[in-house]
Amino acid sequence: MPSRDDHITWTFGPGRVHLYSGAPRQFTDPDQPDRRFLLDARTPWHSTEHTWGSGHLVTDAGAGRWNAPESIDAKPDRVRVRHAPITGVTVETTRWIQGDDYLERYTFTNTGGATRSIRALGIQTPFADLYENAAAALRTAVHAHVFTGGSRSWVLAQPISGSGRCLGLVVRTGRLAGYSVESRNANTLSNARGHLVLNVTDHAAHPTAFGGQPVIELAPGQTYTLEWVLTWYASPDDFERRNPGPVDGTSLATEVGHELTIPATDVTPLSEHVDVRRDGEATVLTSTVHGPVTVRIGDAFTEVLFHLSLPELVRRRVTYIVAHQRSLERPGLLRHAFVPVDTTTGLSVLTNGWSDWSDGSERIAMPLLVLLARQQGWIDPQIADPLVEGWAEFALGHLLDDTLAPRRGSQDQHTGIRLYDAPWLASFFLEHHRVHRHPEQLETAARILERAYELGAGRHLAIGLSETVAEAADALDTAGQEERAARLREEIVRSARHFINLGEQLPEHEVAYEHAIVAPLLNLLIDAWRISADPVLEKEIAERLPWLLAFSGRQPHVRLNGVSIRHWDGYWFGQDRLFGDVFPHYWSVLTASVLYRLPSRLRSPHTEHVARSSLLANLINYRSDGSATCAFVMPSTVDGRQAHRADPLANDQDWHLVTWLRLARSENVPLS
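All values derive from a computational prediction rather than experimental measurement. (Residues numbered from 1 in each chain as written. Predicted model: local features only at pLDDT ≥ 70, side-chain atom pairs only at ≥ 80, totals over all residues. Heavy atoms only, no water.)

Trainee: What exactly am I supposed to notice about the side chain of Glu-303 here?
Mentor: Within the secondary structure, Glu-303 sits in strand β24 (residues 300-307). On the basis of relative accessible area, Glu-303 is assigned to the buried category, the value being 8%. Here Arg-559 takes part through its side chain, which lies 3.0 Å from a polar atom of the side chain of Glu-303. Here Glu-303 is in contact with Leu-252, Pro-292, Val-293, Thr-294, His-557, Val-558, Arg-559 and Ile-620, once residues within four sequence places are set aside. (Helix = DSSP H or I, 4+ residues; strand = E, 2+ residues; numbered from the N terminus. Buried < 20%, exposed > 50% of the residue type's maximum accessible area, 1.4 Å probe, protein only. Polar contact = N/O pair within 3.5 Å; in protein donor to acceptor, adjacent residues only side chain to side chain. Contact = heavy atoms within 4.5 Å.)

Next up, the structure:
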């Protein structure tokens, strides 16, 4: 019989699992030899404690973890390991191959003489979701799309490149009530997702997470079994086809007062505001209240959204901004700035030397939203115009230096120039010009962009840069400045050629590789294609499109379906200082900004669905009173701290609304 130190490799389907001491250390696909599906010793902060299949439990008789097995029974086709994390409870894990599947069964047994209440039970699944750099991530890492929806739970590990086989984990017996993230802190920072822990229950740490965490009662001699199967899938389409969810991805959000149909009869919404009507084999839900609702569907559960109309939500949001997110107490032009606010107290937040709380940078979305709402006729010009005129003076005095290079805020010139901010500032002055037709506003917008290119913007994937430059060029044409417009368009094409030549070696910005690098890259290529009509550019767009789509999962959950992965903004932008998955994060609508602008040949029902889903999902970040959250941190806990809650700061989330309104104008995207 092999010892616990022996290595075992099993083949299942086209891939392999490599076990050491009775537990998986890596899954490999021979067609992707560099791809690692699990974290391993190559990641410095990955430790033995996070070995696949290790875990923890908390009971009324004490708490414990399991890692190194007490015993191993290894046979050529089956491995059984045993742990005793606390007195009176044992964990037996059986691993085996069955055809093209690799299976694991975790059996928890009460060996004591009294009933035990299990209040926390989690299993480590360290998927290699991390960004070393763009080329390394595309070649070696995976996105872990997680759906912990009770008996219908699953995880899909998809290559970050968007091509190649995926590894799917699907629960067959038992249920998952949520997930946690560990190793997310100031050491791992923004380039790693962390260690994922799948929770049967996390009641001890966060009893209300994911709609409520169960307590598992085990009588003497009784067992609880969790079994899952891992299988290779040709693509996410293949996975979705073979593992249909409890609700269709198109039935996750609807307007207040409208009907949402779920194709099941055993449906229970966990909200007193939702009306339920049976319709044959389906259930129809309606609500008069804006907000998310957890819905139980048999032994599964998910979350749906009933939302206010976009015009009404924008009106309420602008009203709240005007009432709570200005800094009128400050002297001079500073009083015209827009700032974050703690929505629990209504008190504005000081910069405190933290650039992501400044009165510039991402806060530029607020005056832009006011301008766009005014253009739609959703806000009184007598209210809007003084706000934007004052903000324009503030921006010129404090957010731009004498050369029109962008600063992060009025109080943090020490952080230097931030190229990200240039297109946002230019966009404000361009929208201001669109409303009032003052030549000086267009001049300011154009000079900001020209200065940005002098500073290297052509080699920087700034969000919204190419779209803003293209709009500014059109405005310059109308103003009779055709040569100046042509030079700006040439900058777009030149920049696109530069990034095409880089291939996968994309530059690192504030994160080594992320969705907000890939989306601006694709928008840049789209704008260059629109300017030049070069068919080679369409080919380059098509080659990179899978990189973008791979960020978006297909979970049947309104916060997740079509929403890109982003996992650091709760720390940088929030008040709770929590790293960990933010779902949905407002920049997920960058996916929509690409997909709605694609060449027609590259558009499909799937791209249309993902674009629409990302816009709708982010409506969940606004409340009916117009307040908002900058980050809903999704996991039940992050490094043991309670999460699965909305951060109290309304900060930078309004880029979602700004993006939607601009897409409505430029790409005829519906405002409903």
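Trainee: For this particular structure, what's the right way to read helix α14 (residues 605-617)?
Mentor: Residues spaced three or four apart along an α-helix point in a common direction, a consequence of the helix completing one turn every 3.6 residues. With 13 residues, α14 extends 18 Å between its outermost C-alpha atoms, agreeing within 8% with the 18 Å of an ideal straight helix rising 1.5 Å per residue. Looking at the buried side of α14, the elements it contacts are β18 (253-255), β24, α11 (535-549), α13 (589-595) and α15 (655-667). (Expected span 1.5 Å × (residues − 1).)

Trainee: Would you mind showing me how to read empty space enclosed by the protein here?
Mentor: Here the idea is plain: a probe the size of a water molecule rolls over the atoms and shows the empty space left. A complete count under the given rule lists five cavities of 30 Å³ or more for this structure. A volume near 90 Å³ is recorded for the largest cavity. Along the wall of the largest cavity there are 13 residues; nearest its centre are His-460, Ala-462, Leu-465, Ser-466 and Leu-524. Listed by contribution, the elements that provide at least two residues to the lining of the largest cavity are α8 (465-478), α9 (482-502) and α10 (515-532). The biggest single contributor to the lining of the largest cavity is α8, with three residues. The residue makeup of the lining of the largest cavity, split by class, is eight nonpolar, four polar and one charged. (1 Å grid on protein atoms, 1.4 Å probe; cavity = no way out; pocket = protein on both sides within 12 Å on 5 of 7 lines; lining within 4 Å. Points joined across faces, edges and corners; volume = space filled by probe spheres on them. Nonpolar A, V, L, I, M, F, W, Y, C, P; charged D, E, K, R; others polar.)

Trainee: Looking at this model, I keep getting lost on the pattern of salt bridges. Mind explaining?
Mentor: Two side chains with opposite charge may pair up if their charged atoms get near one another. Throughout the structure, instances matching the rule amount to 53 salt bridges. A salt bridge links Arg-434 to Glu-431, with the nearest nitrogen and oxygen atoms 3.2 Å apart. A residue pair is termed a helical-turn pair when its members lie 3 or 4 positions apart in one helix, as Arg-434 and Glu-431 do in helix α6 (residues 421-436) at three residues. Note on Glu-431: relative accessible area 0%, which makes it buried. As a salt-bridge pair, Glu-443 and Arg-484 come within 2.7 Å of each other at their nearest N and O atoms. Within this pair, whereas Glu-443 is found in helix α7 (residues 439-454), its partner Arg-484 is found in helix α9, the two being separated by 41 residues in sequence. The partly exposed category is assigned to Glu-443, whose relative accessible area is 31%. Here Arg-484 falls in the buried class, since its relative accessible area comes to 11%. The network of salt bridges with common partners includes Glu-362, Arg-363, Arg-418, Asp-421 and Glu-510. (Salt bridge = Lys/Arg side-chain N within 4 Å of Asp/Glu carboxyl O.)

Trainee: Is there a simple way to explain the packing of aromatic side chains in this structure?
Mentor: What characterises a pair of aromatic rings is the spacing of the ring centres plus the angle enclosed by the ring planes. Taken as a whole, this structure holds 30 aromatic pairs when the rule is applied. Here Trp-52 and Trp-228 contribute two aromatic rings whose centre-to-centre distance is 6.4 Å and whose plane-to-plane angle is 75°, an arrangement assigned as edge-to-face. Of this pair, Trp-52 sits in the loop between β3 (23-28) and β4 (55-59) while Trp-228 sits in strand β17 (residues 223-233), and the two are 176 residues apart along the sequence. Given the relative accessible area of 2%, Trp-52 is considered buried. Aromatic pair Phe-428 and Phe-429: ring centres 5.1 Å apart, planes at 80°, arrangement edge-to-face. Grouping residues by exposure puts Phe-428 and Phe-429 together as buried. An aromatic cluster is present here, built from Trp-10, Phe-12, Phe-27, Phe-37, Trp-52, Tyr-102, Tyr-106, Phe-127, Trp-228 and Trp-232 joined pairwise through their rings. Taking NZ or CZ as reference, Arg-559 lies 3.6 Å from the ring centre of Phe-632, over its face. (Phe/Tyr/Trp six-rings, centres within 6.5 Å; stacked < 30°, edge-to-face > 60°. Lys NZ or Arg CZ within 6 Å of the ring centre and 35° of its normal.)

Trainee: Would you mind showing me how to read the layout of surface pockets here?
Mentor: By volume, the largest pocket amounts to about 620 Å³. The wall of the largest pocket is formed by 34 residues, among which Pro-236, Asp-237, Glu-240, Arg-554 and His-606 lie closest to the centre. For the lining of the largest pocket, the elements supplying multiple residues, two or more each, are β12 (154-159), α2 (236-242), α11 and α14. The class makeup of the residues in the lining of the largest pocket is 14 nonpolar, 16 polar and four charged. Estimates place the volume of the second largest pocket at around 470 Å³. Along the walls of the second largest pocket sit 27 residues, with Glu-467, Glu-471, Arg-597, Arg-662 and Ser-666 positioned nearest its centre. Looking at the lining of the second largest pocket, the elements that each hand over two or more residues are α6, α8, α10, α13 and α15. Broken down by element, the residue count for the lining of the second largest pocket peaks at eight residues, all from α15. In terms of residue class, the lining of the second largest pocket is built from 11 nonpolar, six polar and 10 charged.

Trainee: Is there a simple way to explain the sheet that holds β3 in this structure?
Mentor: Sheet strands pair by backbone hydrogen bonding; their relative direction is either parallel or antiparallel. Here three strands make up an open sheet; going across it, the order is β1-β2-β3 and the pairing antiparallel. For this open sheet the edge positions go to β1 (7-12) and β3, each flanked by a neighbour on one side alone. Within this sheet the neighbouring strands show an average axis-to-axis angle of 25°, counted without direction. Two strands pair when backbone bridges link them, and β1 and strand β2 (residues 15-20) are joined in this way by six bridges, in the antiparallel orientation. Directly across from Ile-8, in β2, lies its bridge partner Leu-19. (Pairing = 2+ DSSP bridges. Axes fitted to C-alpha atoms, helices over the stretch in contact; angles between N-to-C directions.)

Trainee: It is not clear to me how the packing of α6 against α8 should be interpreted in this structure. Could you clarify?
Mentor: Helix-helix packing is described using two parameters, namely the angle between the two axes and the distance between the axes. The N-to-C vectors of α6 and α8 enclose an angle of 35°; their axes lie 10 Å apart at closest approach. By crossing handedness, the relation of α6 to α8 is classed as left-handed. Every residue of α8 that contacts α6 at Pro-423, Ala-426, Ser-427, Leu-430, Glu-431 and Arg-434 is listed here: Leu-465, Thr-468, Glu-471, Ala-472 and Ala-475. Its residues assigned to classes, the contact of α6 with α8 shows six nonpolar, two polar and three charged. (Left-handed = near helix turned anticlockwise from the far one by under 90°.)

Trainee: Can you walk me through the environment of Thr-43 in this structure?
Mentor: Checked against the element boundaries, Thr-43 lands in the loop between β3 and β4. Classification of Thr-43 as buried rests on a relative accessible area of 3%. Here the side chain of Thr-43 touches Arg-36 through a polar contact of 3.2 Å, side chain to side chain.

Trainee: How should I be thinking about the nonpolar core in this particular structure?
Mentor: In globular proteins that are soluble, nonpolar side chains generally tend to be buried together. Membership of the largest hydrophobic core comes to 198 residues, with the highest contact counts inside it found for Phe-27, Trp-228 and Tyr-513. The element contributing the most residues to this core is α10, with 10 residues. Setting aside anything within four residues of it in sequence, one finds Tyr-513 in contact with Tyr-131, Asn-133, Ala-134, Ala-137, Leu-138, Ile-160, Asn-191, Leu-506, Val-518, Trp-547 and Phe-551. Among the nonpolar cores identified, the runner-up in size contains 11 residues, and Trp-357, Val-582, Val-638 and Ala-643 belong to it. (Core = buried A, V, L, I, M, F, W, Y, C linked by side-chain atoms within 4.5 Å.)

Trainee: Would you mind going over the packing of α7 against α8 with me for this structure?
Mentor: Two elements in contact, α7 and α8, have axes whose closest approach is 10 Å; the angle formed by their N-to-C orientations is 135°. Put simply, α7 runs oblique to α8. When you trace α7 past α8, the crossing you get is left-handed. Of the residues in α8, those touching α7 at Leu-442, Ala-446, Leu-449 and Tyr-453 are Leu-465, Thr-468, Val-469, Ala-472, Ala-475 and Leu-476. Grouping the amino acids of the contact of α7 with α8 by side-chain chemistry returns nine nonpolar, one polar and no charged. (Parallel < 35°, antiparallel > 145°, perpendicular 65-115°, else oblique.)

Trainee: Could you clarify how one ought to interpret unusual backbone geometry in this entry?
Mentor: The general pattern is negative phi for most residues beyond glycine and trans for most peptide bonds. Here the residue pair Phe-583 and Pro-584 is connected by a cis peptide bond, since its omega of -15° sits within 30 degrees of zero. Along the chain, Pro-584 turns up in the loop between α12 (569-572) and α13. A positive phi angle, close to 60°, is found at Ser-183, a residue other than glycine. Looking at the element boundaries, Ser-183 is found in the loop between β14 (178-182) and β15 (195-201). Since its relative accessible area comes to 13%, Ser-183 is described here as buried.

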